[in-house]
Amino acid sequence: MNADPYAWIDKSLDTVRRADWYRSPQSIDSCPGPVVKLASHRLINFASNDYLGLAGDDRLIQAAMAATKEFGTGATGSRLVSGHRDLHRQLEQAIANLKQTEDALVFSSGYLANLGAIASVVGKRDLILSDKYNHSSLKNGATLSGATALEYNHCNLEDLKAKLEQNRARYRKCLIITDSVFSMDGDLCPLPQLLAVADTFNCMVLVDEAHATGVFGASGAGCAEHFGCTGTPLIQVGTLSKALGSLGGYVAGSAALIDFLRNRAATWIYTTALTPADAAAALEAVRIVQQEPERRVRLQQNIETFKYCAITNHQLPISNSLSPIFSLPLKDAASALTVGSKLKDMGIFAPAIRPPTVSVSRIRISLMATHELAHLQQLVEALVQVLSFE
């Protein structure tokens, strides 16, 4: 047999290219911020999840440098073996304080937090109900758990209730999983109503606050705080890599839940701990989030200004979002690539998002508290010009 067992890779890549799904990374050669340098060009950055502009904040940089000098560049092991530092515990306590929960557990990424939490709390005899638009980490966590996983229509509580009525009685435990802010559409989960459904059917709820932490709520705790659901029995997952400007993930909840995850979550037990630099930067970011609410105020002002200019003044077909995430739907992947390229030529960095990430190709626009009015105006002007040719 002379056949190449790896020949399928090139054929698969050809298929991806023909569908306009091919992807490759773009190198940013500057510090994070509202303006970045991409391939020697300065572009206004509408591609970042750094919603509060903390990733380039000097206080986070200094905290990371100080932790590196004291503890080194890596944790060198898992938390249960040799990787635990007091910084990790300080960060977990700060997150629990922010989220107003009994405790929290820090993972090396938000993806690992979702995989570990979901696969730990349910198993083969259990049921998962998952919003159709959930992030990949939630869907893959459901698969990893071995539980029966059913999707309900996006934010459709009637469909959720119908599926629970048909299926709940056959399973030992049930977990409902949802994003609180959906990463590609920017809309919010109806969390209070979802919790009421969960209570009716004796279900646990896991909510991913990745795009809400630091952004929503009076103290920046996320949608649980925004909707007045603080203190409700709830598994809250999030990241340290978006509004908190660092790297890592967390689960926040009851002390019993966190103790259980320390003993059962494989993605925490068998993964090297978060670096001292990342932990220290995130700890400083949590402090800033709580002490500087004006950052959320500026972000909200930018959201309202952009909506007014884009929707009210120019009737652009973008999503009418409450979050910093906006979606400009396009007819296909090729159109999204073309629009993204034209925007780049006009000084705007807003990425084309295509299948299989989303079912409808689009330009995803994300706003930051550090964007200036001129940045938003240039974005709207560029969108008007580009769409006039579509």
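Higher on the page you've got the structure.
Residues numbered from 1 in each chain as written. Predicted model: local features only at pLDDT ≥ 70, side-chain atom pairs only at ≥ 80, totals over all residues. Heavy atoms only, no water.

Draft legend 1. The arrangement of the side chain of T213 in detail. Looking at the secondary structure, you find T213 in the loop between β7 (204–208) and α9 (223–226). Look at T213 and you get buried, because its relative accessible area is 2%. Separated by 2.7 Å, the side chains of T213 and Y250 make a polar contact. When residues no more than four places from it in sequence are discounted, the contact partners of T213 are L98, K99, G220, G222, A243, L244 and Y250. (Helix = DSSP H or I, 4+ residues; strand = E, 2+ residues; numbered from the N terminus. Buried < 20%, exposed > 50% of the residue type's maximum accessible area, 1.4 Å probe, protein only. Polar contact = N/O pair within 3.5 Å; in protein donor to acceptor, adjacent residues only side chain to side chain. Contact = heavy atoms within 4.5 Å.)

Draft legend 2. Representation of the packing of helix α2 (residues 58–71) against helix α12 (residues 276–291) within the structure. Here α2 crosses α12 at 145°, and the two axes come no closer than 7 Å. Once α2 is placed against α12, the crossing between them reads as right-handed. Between α2, through R59, L60, A63, A64, A67, T68 and F71, and α12, the contact on the second element is made entirely by P276, A277, A280, A281, E284, A285, R287 and I288. A per-class count over the contact of α2 with α12 returns eleven nonpolar, one polar and three charged. (Axes fitted to C-alpha atoms, helices over the stretch in contact; angles between N-to-C directions. Left-handed = near helix turned anticlockwise from the far one by under 90°. Nonpolar A, V, L, I, M, F, W, Y, C, P; charged D, E, K, R; others polar.)

Draft legend 3. Summary view of unusual backbone geometry. Between P355 and the following residue, P356, the backbone shows a cis peptide bond with an omega angle of 5°. Within the fold, P356 resides in the loop between β12 (352–353) and β13 (362–366). Unusually for a residue other than glycine, N202 sits at a positive phi of about 55°. You can see N202 is positioned in the loop between α8 (191–200) and β7. With relative accessibility at 60%, the residue N202 sits in the exposed group. At Q315, a position not held by glycine, the phi torsion is positive, near 50°. Residue position: Q315 is located in the loop between α13 (294–313) and β10 (325–329).

By themselves, these observations are geometric and do not establish any function.
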